[in-house]
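Architecture and fold: a report
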Amino acid sequence: MHDLRFIRDNPETFDAGLALRGAEPAAAQILALDEQRRGVSTRMQEAQSRRNEASKAIGKAMGQGDTETAESLKAEVAELKQTLPQLEEQDRVLSAELNDLIARLPNLPMDGVPQGTDEDDNQEVSRWGTPREFSFKPMEHADIGPALGLDFETGAAIAGARFTFLKGQMARFQRGIAQFMLDFQTATRGYMECAPPLLVRDEAVFGTGQLPKFSEDLFRTTDGRWLIPTAEVSLTNSVREQIIDDLSAPLRLTALTPCFRSEAGAAGRDTRGYIRQHQFDKVELVTICRPEDWQAEHDYMTASAEAILQALELPYRKMLLCTGDMGATAKKTFDLEVWLPGQSAYREISSVSWCGDYQARRMNARYRPEGAKKTEFVHTLNGSGLAVGRTLVALLENGQQEDGSVVIPDALKPYCGGMERLTPA
């Protein structure tokens, strides 16, 4: 959500920021609606004030025996009682239209974020690790996985496309990956483990920015709730409608949850394999902090995700996303892209975003600076630490052997019941 006062004071700057996100100018329409609403609000306040004055004057006139004036005032009050509901309805309609217009607009990018339209315009920041050299032609995970327990056919038969059934050692392997990530982020990086709801109400998905514009990417239940697309929704909304008295230390939260996405905007992409699923597990990282702490927290969260890849010995690169490739709620985003030898390409495995006060305004989440009477909006950050399924894919492709087995990294062995490698059935 955007600060209306900022738009009033900086309409050209606001439209320039929207243009960088590929959005049409909106300041003129917003300000026109705002002026209409404020005009109606002024008339409504004047009418309420006049009704109160006239009501008092009726008693005075009656006391003085001036029935003519009293009757005239009564007629005026009666007319105002009819006018006020009309003005209140106009105010409600204009306020809703204004709020809906602003709510559909993306966040403005931070200065210095590279300009661009898609992933081709992202900037590489760094690389870690050297891709392994194979003595044989490496295969994609979709070809390795079925013999190891990654059952695409059964998943599709039960639930349809983009669902997978994991069996035996593969199910244990995925569970081990997830538990390793969660333990690492809590014990080593200091994030607080949470077990949040998987079903949320409209205001929660509005708060993190999925509503009203991206409802087609979500699954909705018959009673009007939403399945979370990521634990970001539940974790970030844990501070909605709150005033935090002490935010000197950032609030760092993490959760391992199933995530559910319709993938409506990704039709035809990654239809083969385990990369883009309707249901998947992810360890999510969320931070609530003061505005002055966002940069340090963005770096810390990114490093927390990188540390998982390094512990699992997976080569990756860090990308700074351009204005056209960032999520709608972000002001700045780093993507981590893991090397997949089967595809001979780097693929996204984590996005770490700073959202400024965009989500906080939608949630009305504030804090009280030390020694201050006035509250301020918090800043929010979110990132993957990591997507479990995509990590599994990377481990299969990078650890594959010529005989079809897959070597398990040392960091994961304690989480996999002593397994040294996955072996084909």
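Residues numbered from 1 in each chain as written. Predicted model: local features only at pLDDT ≥ 70, side-chain atom pairs only at ≥ 80, totals over all residues. Heavy atoms only, no water.

Remark: helix H7 (residues 168-188) packs on helix H10 (residues 294-311), axes separated minimally by 11 Å, with the N-to-C direction vectors making an angle of 130°. When the axes of H7 and H10 are compared, the pair comes out oblique. In terms of crossing hand, the pair formed by H7 and H10 is right-handed. For the pair H7 and H10, contact is made by Phe180, Met181, Phe184 and Gln185 and by Ser304, Ala305, Ala307, Ile308 and Ala311, respectively. The class makeup of the residues in the contact of H7 with H10 is seven nonpolar, two polar and no charged. (Axes fitted to C-alpha atoms, helices over the stretch in contact; angles between N-to-C directions. Helix = DSSP H or I, 4+ residues; strand = E, 2+ residues; numbered from the N terminus. Parallel < 35°, antiparallel > 145°, perpendicular 65-115°, else oblique. Left-handed = near helix turned anticlockwise from the far one by under 90°. Contact = heavy atoms within 4.5 Å. Nonpolar A, V, L, I, M, F, W, Y, C, P; charged D, E, K, R; others polar.)

Right, let's get into the pattern of salt bridges. The full count for this structure, using the stated rule, is 26 salt bridges. The partner of Glu89 in a salt bridge is Arg92, and the shortest N-O contact between them spans 2.7 Å. Here the residue Glu89 and the residue Arg92 both occupy positions in helix H4 (residues 67-103), the gap between them amounting to three residues, near one helical turn. The partly exposed category is assigned to Glu89, whose relative accessible area is 39%. In this structure, a network of salt bridges that share partners links the residues Asp3, Arg5, Asp357 and Arg361. (Salt bridge = Lys/Arg side-chain N within 4 Å of Asp/Glu carboxyl O. Buried < 20%, exposed > 50% of the residue type's maximum accessible area, 1.4 Å probe, protein only.)

It is worth spelling out helix H6 (residues 152-159) at this point. Looking at where H6 begins, the residue whose side-chain oxygen comes 3.2 Å from the main-chain nitrogen of Glu153 is Asp151. Remark: Gly160 follows H6 within two positions and exhibits a positive phi of approximately 105°. (Polar contact = N/O pair within 3.5 Å; in protein donor to acceptor, adjacent residues only side chain to side chain.)

Estimated volume of the second largest pocket: approximately 450 Å³. The wall of the second largest pocket is formed by 25 residues, among which Phe6, Asn107, Leu108, Pro109 and Lys331 lie closest to the centre. No other element matches helix H2 (residues 11-20), which puts four residues into the lining of the second largest pocket. Considered class by class, the residues forming the lining of the second largest pocket number 11 nonpolar, nine polar and five charged. Inspection of the lining of the second largest pocket shows a minimum of three residues originating in each of domain 1 (4-104) and domain 2 (119-422). (1 Å grid on protein atoms, 1.4 Å probe; cavity = no way out; pocket = protein on both sides within 12 Å on 5 of 7 lines; lining within 4 Å. Points joined across faces, edges and corners; volume = space filled by probe spheres on them. Domains from an automatic or database assignment.)

Inspection of every chain in the model, using the stated rule, returns one cavity of 30 Å³ or more. The calculated volume of the largest cavity comes to roughly 40 Å³. Ile275, Val338, Leu340, Arg347, Glu348, Arg390 and Val393 together form the lining of the largest cavity. In terms of residue class, the lining of the largest cavity is built from four nonpolar, no polar and three charged.

With that settled, consider the packing of H7 against helix H12 (residues 388-399). Closest axis-to-axis distance for the H7/H12 pair is 10 Å, and the angle between their directions is 115°. When you trace H7 past H12, the crossing you get is right-handed. Here Met170, Phe173, Gln174, Ile177, Ala178 and Met181 of H7 lie close against H12, whose contacting residues are Val388, Gly389, Thr391, Leu392, Leu395 and Leu396. Looking at the contact of H7 with H12 residue by residue, the classes come out as nine nonpolar, three polar and no charged.

Bringing a negative patch on the surface into the picture now. A cluster of acidic side chains, namely Asp118, Glu119, Asp120 and Asp121, defines a negative patch on the protein surface. Inspection of the secondary structure puts Asp118 in the loop between H4 and strand S1 (123-128). On the basis of relative accessible area, Asp118 is assigned to the partly exposed category, the value being 33%. (Patch = residues over 30% accessible without salt bridge, like charges linked within 9 Å, V, L, I, M, F, W, Y side chains within 5 Å. Areas by Shrake-Rupley, 256 points an atom, 1.4 Å probe, with all protein chains shown as cover. Lys, Arg positive; Asp, Glu negative; His and termini not counted. Charge placed at Lys NZ, Arg CZ, Asp CG, Glu CD.)

Our focus in this paragraph is the UniProt feature "coiled-coil region" (unreviewed entry) in the protein chain. With numbering matched to this structure, UniProt assigns "coiled-coil region" (unreviewed entry) to residues 70-97. Counted over residues 70-97, helix gives 100% and strand 0%. Its end C-alpha atoms are 40 Å apart. (UniProt positions renumbered as here; feature names shortened; annotations may be inferred.)

This next bit is on the sheet that holds strand S7 (residues 226-227). Reading across from one edge, S5-S7-S6 is the order of the three strands in this open sheet, with antiparallel pairing throughout. Either end of the sheet is taken by a strand with one partner, and the two such strands are strand S5 (199-200) and strand S6 (219-220). Sheet analysis places S5 next to S7, joined by two bridges and oriented antiparallel. Bridge assignment links Val200 to a residue of S7, and that residue is Trp226. (Pairing = 2+ DSSP bridges.)

A few words now on the domain arrangement of the protein chain. As far as domains go, the protein chain holds domain 1 (4-104) and domain 2 (119-422). Inter-centroid distance (C-alpha atoms) of domain 1 to domain 2 is 45 Å. Domain 1 puts five residues into the contact, and the matching count from domain 2 is 11 residues. Summed over both partners, the interface of domain 1 with domain 2 comes to about 670 Å²; 41% of that surface belongs to carbon and sulfur atoms. On the domain 1 side of the interface with domain 2, the three residues burying the most area are Arg21, Ala103 and Arg104, jointly 77% of the side's total. Looking at the side of domain 1 that touches domain 2, its residues break down into two nonpolar, no polar and three charged. (Buried area = accessible area lost by both parts, 1.4 Å probe.)

Here we take up the nonpolar core. Core analysis: the biggest nonpolar cluster contains 41 residues, and Met170, Phe173, Leu396, Leu412 and Leu422 have the highest contact counts within it. Only helix H5 (141-144), H7, H10, strand S12 (332-340) and H12 provide two or more residues apiece to this core. A per-element tally of this core places H7 first, with eight residues. For Leu396, the contacting residues outside a window of four places in its chain are His141, Ile144, Leu148, Leu150, Met170, Phe173, Val406 and Leu422. (Core = buried A, V, L, I, M, F, W, Y, C linked by side-chain atoms within 4.5 Å.)

Counted under the stated rule, the structure contains seven aromatic pairs. An angle of 10° between the planes, with centres 3.5 Å apart, marks the rings of Trp294 and Trp354 as stacked. Residue Trp294 is located in helix H10, and its partner Trp354 is located in strand S13 (residues 345-354); the two are separated by 60 residues in the primary sequence. Across the pair, Trp354 and Trp294 agree in class, each one buried. Taken together through their ring pairs, the aromatic side chains of Phe180, Phe184 and Tyr415 make up a single cluster. Lying over the aromatic face of Phe165, Lys167 brings its terminal NZ or CZ to 5.8 Å of the ring centre. The lysine or arginine in question, Arg189, covers the ring of Tyr300, its NZ or CZ lying 4.0 Å from the ring centre. (Phe/Tyr/Trp six-rings, centres within 6.5 Å; stacked < 30°, edge-to-face > 60°. Lys NZ or Arg CZ within 6 Å of the ring centre and 35° of its normal.)

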